[in-house]
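The lines below spell out each chain.
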Amino acid sequence: MRSIQKYVRAESLEQAYQLNQNRRSRVLGGMLWLKMGRGPLGTVIDLQDLGLDTIEETEEGFSIGAMVTLRQLEQHPGLNAYTRGAMAQAVKDIVGVQFRNLATVGGSLWGRFGFSDVLTQFLAMDTTVELYQGGLVPLEEFACRKPDRDILVRVHVEKTPGVFRYQAMRNQRTDFPVLTCALSRVSGEYRAVIGARPGRAMVLRDREGLLAGGITEDSAKAFARWAAEQIPTQGNLRGSGAYRTHLVKVLTLRGLKELEETGRTDPWN
Amino acid sequence: MELKLNLNGRNVTGHIDPGTLLIDFLRQQGCVSVKRGCETANCGLCTVLMDGRPVLSCSVLAARAEGHRVETLEGLQQEAADFAGFIADQGADQCGFCNPGFVMNTIALLREIPEPTDDQIRAYLAGNLCRCSGYDGQLRGIRAYLDSRKK
Ligand SMILES: Cc1cc2nc3c(=O)[nH]c(=O)nc-3n(C[C@H](O)[C@H](O)[C@H](O)COP(=O)(O)OP(=O)(O)OC[C@H]3O[C@@H](n4cnc5c(N)ncnc54)[C@H](O)[C@@H]3O)c2cc1C
Ligand code: FES
Ligand code: FES
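Just so it is clear, the model here is predicted, and its values are computed rather than measured. Residues take numbers from 1 onward in each chain, read along the sequence in its written order. Lettering for chains starts from A, numbering for ligands starts from 1, and both go in the order in which the items are written. Totals for whole chains, interfaces and linings use every residue, but because this is a predicted model, local features are given only for residues with pLDDT of at least 70 and side-chain atom pairs only at 80 or more, for both listing and counting. Only hydrogens and water are set aside; all other atoms, that is, all heavy atoms of the structure, feed into the side-chain values.

Trainee: Got a minute to help me understand the overall build of chain B in this structure?
Mentor: Scanning chain B from N- to C-terminus turns up five helices and five strands. Secondary structure elements follow DSSP: runs of H or I of four or more residues count as helices, runs of E of two or more count as strands, with numbering from the N terminus. From first element to last, N terminus to C terminus, chain B shows the α and β order β-β-α-β-β-β-α-α-α-α. Throughout, the radius of gyration refers to the C-alpha atoms, and the reference size of a globule is 2.2 Å times the residue count to the power 0.38. Relative to its length of 151 residues, chain B is compact, with a C-alpha radius of gyration of 16 Å against a globular reference of 15 Å. Taken along its principal axes, the extent of the C-alpha atoms in chain B is 50 × 30 × 25 Å. The 151 residues of chain B split such that 52% are buried. Pairs at least 24 residues apart make up 58% of the contacts formed inside chain B by residues separated by at least 6 positions. With an accessible surface of roughly 6700 Å², chain B has 49% of that area assigned to carbon and sulfur atoms. Counting 16 positive and 18 negative side-chain charges, chain B places the centres of these two groups 1 Å from one another. Summary of the burial criterion: residues with accessible area below 20% of their type's maximum are buried, those above 50% are exposed, and those between are partly exposed, where the area comes from a 1.4 Å probe applied to protein chains only. Only heavy atoms matter for contacts: two residues are in contact if any of them lie within 4.5 Å across the pair. Surface accessibility in these figures is a Shrake-Rupley result with a 1.4 Å probe; residues are shielded only by whichever protein chains are displayed. Charge assignment: positive for Lys and Arg, negative for Asp and Glu; neither His nor the chain ends contribute. Taken as the charge location is NZ of Lys, CZ of Arg, CG of Asp or CD of Glu.

Okay, structure coming up:
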């Protein structure tokens, strides 16, 4: 375990932000990733008293506090009704229940991890992150930024009419994914979000209009083939680049067919 | 710094460093059922209940437990005794090292889902690794316990 000089339970976001301006300070999410790093830490800042551990649902969308755990995402009836279970599907194999009771949405998105199931699924939805200083930033833009000394306060998901489908390939349940793949059709726009390439998840839109006429066996195959060409992959100890590219094709095709099926029984919302 | 929490129904106070992990504090308090396996949040051996929810005590700062309720196997002997014998009867415990974590998480499972299916049992216990058994014995043991309750 890394040595820690000081532990502070922040009484306000302003206090947390000020403390976090020191280079050696860190905001605590679930601490699961933070703990694995090297070197001593200065002040660790706990946000547990700031009421950021709830998911609020309105007609328009969801407001998810940074301290909400992955287990809360998995079990939230509203989020899972909106995503047709894709949210639970995305997190259910992340280590175990005890782990998901600790790991937070804030830490997961702040980390912008290449392997992240969480980032992959949130990119498939209309998601905005709320930063204490930086205000509201679309997640797609935030995911490309370098971490700074701001604080992620909440995550907002609009209930844009849509259908979602989440899949990940793992060599073994509870291991890091070899590839993550979230497909969605949000307000008529198709998105394929592919992560664990092993680089950070990227969003692919149907620029070529391959799915403009809807999902058929042929259009799904054409889109899956095109996606495999567009998404850069590399090898690491979990799989080669060529294997990952093959998975992009297979998971995209499978996911599109399932999207189409969901859309038929539940006409695109 | 000073730490006050409720441990197995008792209010306890202790002195900790800011970086003390919950597992170390609990062991200092005599709760030696809480064991260290991987220390990388992967194996589930260090499972305790915090405010009723199973968490990995190797990955929680003791300071974060201030004002919370923590339960370890020492405080849940009766609840554990109900099903632990069924697991032993299946020969699921070999070296037995994983057992405290399995038992703690099984308690959490049965509180949350009193009549779990086999798939729900597998999913809930997926974060508890066992090097010896292949997991079938534990599953059979829990199933035998659930069946015995119906009789
Ligand atoms: C063994 C292991 C296996 C894993 N497997 C998977 C997997 O299969 N799939 C997957 O998607 N993920 C996986 N993860 C990642 C995990 O799900 C979390 O995303 C990760 O642990 C970070 O979340 P945390 O709450 O623990 O954050 P922490 O570790 O506490 O924080 C991570 C970073 O974010 C900063 N931070 C935290 N909260 C905030 C905030 N509100 N504002 C600003 N900065 C903040 C911290 O200072 C730190 O730098 C794994 C992690 C581990 C350790
Ligand atoms: S020792 Fe905590 S998960 Fe392995
Ligand atoms: S019985 Fe040996 S690790 Fe499980």
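Trainee: Any chance you could explain the sheet that holds strand β5 (residues 61–65) of chain A here in plain terms?
Mentor: By way of backbone hydrogen bonds, the strands of a sheet pair with one another, either parallel or antiparallel. Residues and elements named next belong to chain A. We treat two strands as partners when DSSP finds at least two bridges between them. Read across the open sheet, the five strands follow the order β4-β5-β8-β6-β7; overall the sheet is antiparallel. The open sheet is flanked by β4 (55–57) and β7 (135–138), the only strands paired with a single partner. When the angles between neighbouring strand axes are averaged without regard to direction, this sheet yields 20 degrees. Bridge count between β4 and β5: three bridges; the pairing is antiparallel. Note that in β5 the partner of E57 across the bridge is F62. As a rule, the C-alpha atoms of each element are fitted with a line to give its axis, helices using only the stretch in contact, and angles between N-to-C directions run from 0 to 180 degrees.

Trainee: Explain the domain arrangement of chain B here, please?
Mentor: For an interface, size is often stated in terms of accessible area lost upon the parts coming together. Residues and elements named next belong to chain B. Those domain boundaries reflect an automatic or database domain assignment. What the domain assignment reports for chain B is domain 1 (2–74) and domain 2 (76–149). In this structure, domain 1 and domain 2 have C-alpha centres spaced 21 Å apart. The interface is formed by 16 residues belonging to domain 1 together with 17 residues belonging to domain 2. A simple way to read buried area is as the amount of 1.4 Å-probe accessible surface that goes missing from two parts once joined, with both sides added. Ranking the residues of domain 1 by area buried against domain 2 places L45, L49 and L73 at the top, with a combined share of 41%. A pair is scored as a salt bridge if a Lys or Arg side-chain nitrogen falls within 4 Å of a carboxyl oxygen belonging to Asp or Glu. In this assembly, domain 1 and domain 2 are joined by one salt bridge. For E71, the salt bridge identified is with R111, shortest N-O distance 3.8 Å.

Trainee: Explain helix α3 (residues 99–112) of chain B to me, please; I cannot follow it from the model alone.
Mentor: Across its 14 residues, α3(B) extends 20 Å between first and last C-alpha, which sits within 8% of the 20 Å expected from 1.5 Å per residue. Taken together, the buried positions of α3(B) are occupied by N99(B), P100(B), G101(B), F102(B), V103(B), M104(B), N105(B), T106(B), I107(B), A108(B), L109(B) and L110(B). Every helix has an expected span of 1.5 Å times one less than the residues it contains.

Trainee: Would you take a moment to explain the environment of L251(A) for this structure?
Mentor: Residue and element names in this part refer to chain A. With respect to the helices and strands, the residue L251 is situated in helix α10 (residues 241–265). Through-space distance from the C-alpha of L251 to that of L32 is 29 Å; in sequence the pair is 219 residues apart. In contact with L251, other than residues within four places in its own chain, are Q167, M169, L179, C181 and L183.

Trainee: Just to check I follow, could you spell out the site of ligand 1 for this structure?
Mentor: We call a residue near a molecule or strand when any one of its heavy atoms sits within 4 Å of it. Near ligand 1 you find 35 residues, and of these V27(A), G30(A), T104(A), S108(A) and D117(A) are the closest. Two or more chains meet at ligand 1, and those chains are chains A and B. One of the backbone nitrogen or oxygen atoms of W33(A) is found 2.9 Å away from an oxygen atom of ligand 1. For this analysis, a polar contact is any N or O atom pair within 3.5 Å, provided that within protein one partner can donate a hydrogen and the other can accept it, and provided that sequence-adjacent residues contribute only side-chain to side-chain pairs. Here an oxygen atom of ligand 1 and a side-chain polar atom of T104(A) are 2.7 Å apart. A total of 960 Å² of accessible area belongs to ligand 1 in isolation, and the protein chains cover 95% of it. No other element matches the four residues that helix α6 (residues 105–111) of chain A contributes to the shell around ligand 1.

Trainee: Help me out: how do you make sense of the packing of aromatic side chains in this one?
Mentor: In this description, a pair of aromatic rings is defined by centroid distance and the angle of the planes. Residues and elements named next belong to chain A. In this analysis, rings of Phe, Tyr and Trp, with Trp reduced to its six-membered ring, are considered paired at centre separations within 6.5 Å, and the interplanar angle assigns stacked below 30 degrees, edge-to-face beyond 60, and tilted for intermediate values. Within the structure shown, the criterion is met by eleven aromatic pairs over all chains. Here F113 and F115 contribute two aromatic rings whose centre-to-centre distance is 5.1 Å and whose plane-to-plane angle is 10 degrees, an arrangement assigned as stacked. Given a relative accessible area of 15%, F113 falls into the buried group. The ring of F142 has R112 lying over it, and the distance from NZ or CZ to the ring centre is 3.8 Å. Consider the ring centre and the ring normal. A charge sits over the ring if Lys NZ or Arg CZ is within 6 Å of that centre and within 35 degrees of that normal.

Trainee: Which parts of the structure should I look at to understand the confidence of the model for chain B?
Mentor: In low-pLDDT regions, the fine details of the predicted coordinates are not to be read closely. Predictor confidence is given residue by residue as pLDDT, running from a minimum of 0 to a maximum of 100. In the predicted model, chain B carries a mean pLDDT of 95, and 100% of its residues have values of at least 70. With a pTM of 0.97, the predicted complex shows an ipTM of 0.97.

Trainee: Quick question: what am I supposed to make of the domain arrangement of chain A here?
Mentor: Residues and elements named next belong to chain A. Taken domain by domain, chain A comprises domain 1 (4–46), domain 2 (55–158) and domain 3 (174–265). On a C-alpha basis, the centres of domain 1 and domain 2 stand 20 Å from each other. Contacts between the two partners involve 17 residues from domain 1, matched on the other side by 13 residues from domain 2. Taken together, the two surfaces of domain 1 and domain 2 that pack against each other cover about 1300 Å², and 69% of this comes from carbon and sulfur. Taken as a group, L13, Y17 and L32 account for 42% of the area that domain 1 buries against domain 2, more than any other trio of residues on that side. Applying the counting rule to domain 1 against domain 2 returns five residue pairs in polar contact (both at pLDDT 80 or more). For the side of domain 1 that touches domain 2, the secondary-structure elements that each account for two or more residues are α1 (13–20) and β2 (26–28). With five residues, the single largest contributor to the side of domain 1 that touches domain 2 is α1. Classification used: nonpolar for Ala, Val, Leu, Ile, Met, Phe, Trp, Tyr, Cys and Pro, charged for Asp, Glu, Lys and Arg, polar for all others including Gly. Counted by class, the side of domain 1 that touches domain 2 contains seven nonpolar, six polar and four charged residues.

Trainee: I tried to follow the interface of chain B and chain A on my own but got confused; where do I start?
Mentor: Across the contact, 31 residues belong to chain B and 28 residues belong to chain A. Remark: the boundary between chain B and chain A carries two salt bridges. A salt bridge links D46(A) to R64(B); the nearest nitrogen and oxygen atoms lie 3.0 Å apart. Along the contact surface separating chain B from chain A lie 15 residue pairs in polar contact (both at pLDDT 80 or more). Counting residues per element, the side of chain B that touches chain A draws most heavily on strand β4 (residues 53–56) of chain B, which supplies four residues. Split into classes, the residues belonging to the side of chain B that touches chain A amount to 15 nonpolar, ten polar and six charged.

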